[in-house]
Amino acid sequence: MIRKAALLVLALLLPFMAHAQGPARIDVGASSVTWQDVGWWQAVFGPRAMDLSLALDQAVPYRVFLVGDPARLVIDLKGANLTAQDLPQIFGHDLLHAVRSGSFQRGWSRIVLELPGPYRVASAGMDTRGALARLDIALWPVAPDQFTPRPSAAAALRNLPDPAVLSDTPIRGEGLVVTLDPGHGGFDPGAQSDDITEAELVLTFALELREAMQAKGITVNMTRDKDDFVALEQRMTSARAAGSHLLISLHADALPKGQAAGATVYVWSNSADDRAARQLAARHERKDLLLGMDLTGQDDALAHALMDFARTDTQPRSEGYARQLTSRMALMGIGLHGRPVQGAAFSVLKSPDITSVLLELGFITDGYDRAKMSDPLWRGRMVQAVTEATLGWWKDEAARGDLLRR
Ligand SMILES: [Zn+2]
């Protein structure tokens, strides 16, 4: 009887006793990301080695690996509860491009750290001697050709939960103006396959995206909201007239011969070296579609200089947006092209004063891509990825604005 009572008391107490009974928790206050104290040459010529230390209230099994495009460190922890953690606030988080975490599968939680460049894991180990267990990871910078991530980032990150639910304050898009630019339209159907045209597919997607963005407080301008032809220059004029911060041009082209399918994000580049990017750009700049509206050949030296000047500011922001976008798409399990961010000389990306990207949702001529883009559920995930990337980017922009005002 006495033994029974003691057992009952023990059972009642257990949830409040040793940590070991519940899931492990990260002590964010005791965790940090720091530059390694190394030779002056690295401090000056960077990138620098980095130390990551995660404090946990108990030791847990873990695994650590790298994925690419962009370079990210993935840390999986078994039996750790990360959902309530404010990991993005970890000391030194500003050394990283992004920090995300969430429960993953079968008791594993996952942390994804977007690195400032290519790194290798020099060492990783769990130190269990102190009151807190510590997962210490040393990262050494490597040349881009020495970077050896897991082959498929999208596959490696497929099962991550929606990262947006992890931030405690929902991000809203008030004050943000986005122009959505569904490509083609009217007498220009774009790429075609079976009985689907690129023009109608990207319009459908744009209308769904508009609804999701508006629900988040974003002001959305459309270069077209029906099956109309809109010249390239008009599209940029429309974005500028609406006071847009961001232009997202939407396409689903024919797959250039011998190229891999999957979603791709293009940012402006004068020196696009990729054959596929060049072919796509060429197809979109055809004179018969432009009705003489393309100003490519008419830029004089002064206009060029002014545009280059403005672009030094806009270009990194477009690249930042493209990074956000590909990260979100990977996290949502959207299949990405092997090189998900590429440069291309698309005229519609030429606005020197508006952050601009061209999102190739997939390739309409690829059977698998076409089936996905025709599936409302897939589009829903893509809509969510783009909306969240946009809000994340806007938050970064706001933080950047605060920094500039200081
Ligand atoms: Zn197109």
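Predicted model, so just to flag it, every value in this text is computed and none were measured.

Nonpolar side chains in soluble globular proteins generally cluster together in the buried interior. Counting residues in hydrophobic clusters, the biggest one holds 44 residues, and the most contacted among them are Met 213, Ile 248, Met 329, Leu 359, Leu 361, Met 382 and Val 386. Every element with two or more residues in this core is listed here: strand E9 (177-182), helix H4 (198-215), strand E12 (219-222), strand E13 (246-251), strand E14 (263-268), helix H8 (301-331), strand E16 (355-360) and helix H10 (376-405). A per-element tally of this core places H10 first, with nine residues. What Met 213 contacts, discounting residues up to four positions off in sequence, is Val 178, Leu 180, Ile 218, Val 220, Ile 248, Val 386, Thr 387 and Thr 390. Counting 32 residues, the second largest nonpolar core, distinct from the first, contains Leu 52, Leu 66, Ile 111 and Met 126.

To continue, consider the sheet that holds E9. Strand order across the open sheet formed by six strands is E12-E9-E13-E16-E14-E15, with mixed pairing between neighbours. Whereas interior strands pair on both sides, the edge strands pair on one side only; in this sheet they are E12 and strand E15 (336-344). Taken pair by pair, the neighbouring strands of this sheet meet at an average axis angle of 20 degrees, ignoring direction. The pairing of E14 with E16 spans three bridges and is antiparallel. Considered in E16, the bridge of Tyr 266 is made with Leu 358. Of the strands in this sheet, E9, E12, E13 and E16 touch H4, which is tilted by about 165 degrees from E9.

Between its first and last C-alpha atoms H4 spans 26 Å; for 18 residues at 1.5 Å apiece the expected length is 26 Å, and the two agree. Of the residues making up H4, those classed as buried are Glu 198, Ala 199, Leu 201, Val 202, Leu 203, Phe 205, Ala 206, Leu 209 and Met 213. Positive backbone phi, at 90 degrees, marks Gly 217, one or two positions downstream of H4.

With that settled, consider the pattern of salt bridges. Evaluation of the coordinates by the stated rule reveals 12 salt bridges. Note that Arg 323 is salt-bridged to Glu 114, the shortest N-O span being 3.5 Å. Here Arg 323 is found in helix H8, whereas its partner Glu 114 is found in strand E6 (residues 108-114), with 209 residues between them in sequence. The class of Arg 323 is partly exposed, set by a relative accessible area of 30%. Overall, the relative accessible area of 3% leaves Glu 114 in the buried class. A salt bridge links Glu 397 to Arg 317, with the nearest nitrogen and oxygen atoms 2.7 Å apart. With Glu 397 in helix H10 and Arg 317 in helix H8, the pair connects residues that are 80 residues apart, well separated along the chain.

As a further point, take the sheet that holds strand E7 (residues 119-127). Strand order across the open sheet formed by four strands is E1-E2-E8-E7, with antiparallel pairing between neighbours. The open sheet has two edge strands, strand E1 (32-35) and E7, and neither has a second partner. Ignoring strand direction, the axes of neighbouring strands in this sheet form an average angle of 15 degrees. Pairing of E1 with strand E2 (residues 50-56) involves four bridges; the strand directions are antiparallel. Bridge assignment links Ser 32 to a residue of E2, and that residue is Ser 53.

We now examine the packing of aromatic side chains. Within this structure, the stated rule accounts for three aromatic pairs. Measuring from ring centre to ring centre gives 5.8 Å for Tyr 321 and Trp 393, while their planes differ by 90 degrees; the resulting arrangement is edge-to-face. In this pair, Tyr 321 is assigned in helix H8 and Trp 393 in helix H10, connecting sequence segments 72 residues apart. Relative accessible area serves as the criterion here: at 0%, Tyr 321 is assigned to the buried category. Among the residues examined, Trp 393 registers a relative accessible area of 4% and is labelled buried.

Relative to the assigned elements, Lys 395 resides in helix H10. Measuring from C-alpha to C-alpha, the distance between Lys 395 and Gly 173 comes to 8.6 Å, with 222 residues separating the pair along the chain.

Assignment of secondary structure puts Thr 390 in helix H10. Under the relative-accessibility criterion, Thr 390 is labelled buried at 0%. Setting aside residues no more than four positions away along its own chain, Thr 390 makes contact with Leu 176, Val 178, Met 213, Ile 218, Leu 246, Ile 248 and Tyr 321.

In an α-helix there are 3.6 residues to a turn, and that puts residues three or four apart on one side. Turning to helix H5 (residues 232-241), its buried residues are Leu 232, Arg 235, Met 236, Ser 238 and Ala 239. Buried residues of H5, seen end-on, are gathered within an arc of 155 degrees and therefore sit on one face of the element. Following H5 by one or two positions, Gly 243 adopts a phi angle in the positive range, close to 70 degrees.

Residue-level pLDDT values for the chain average 77, and 74% of them are 70 or greater. Least confident of the elements in the chain is helix H7 (residues 287-290), whose mean pLDDT is 42; most confident is E12, at 97. Under a pLDDT of 50 for its full length, residues 5-20 has, in the predicted model, five contacts with residues more than four places off or in other chains. Counting contacts from residues 287-307, a segment whose pLDDT is below 50, to residues more than four positions away or on other chains yields 23 contacts.

Okay, the environment of Gly 173 next. Examined against the element boundaries, Gly 173 turns out to sit in the loop between helix H3 (153-156) and E9. Taking relative accessible area as the criterion, Gly 173 reaches 0% and is therefore assigned buried. Gly 173 sits 43 residues away from Lys 216 along the chain, and the two C-alpha atoms are 5.7 Å apart.

Quick notes on the rules
- Residues numbered from 1 in each chain as written.
- Predicted model: local features only at pLDDT ≥ 70, side-chain atom pairs only at ≥ 80, totals over all residues.
- Heavy atoms only, no water.
- Core = buried A, V, L, I, M, F, W, Y, C linked by side-chain atoms within 4.5 Å.
- Buried < 20%, exposed > 50% of the residue type's maximum accessible area, 1.4 Å probe, protein only.
- Helix = DSSP H or I, 4+ residues; strand = E, 2+ residues; numbered from the N terminus.
- Contact = heavy atoms within 4.5 Å.
- Pairing = 2+ DSSP bridges.
- Axes fitted to C-alpha atoms, helices over the stretch in contact; angles between N-to-C directions.
- Expected span 1.5 Å × (residues − 1).
- Salt bridge = Lys/Arg side-chain N within 4 Å of Asp/Glu carboxyl O.
- Phe/Tyr/Trp six-rings, centres within 6.5 Å; stacked < 30°, edge-to-face > 60°.
- Arc of directions from axis to C-beta.
- pLDDT = per-residue confidence, 0-100.

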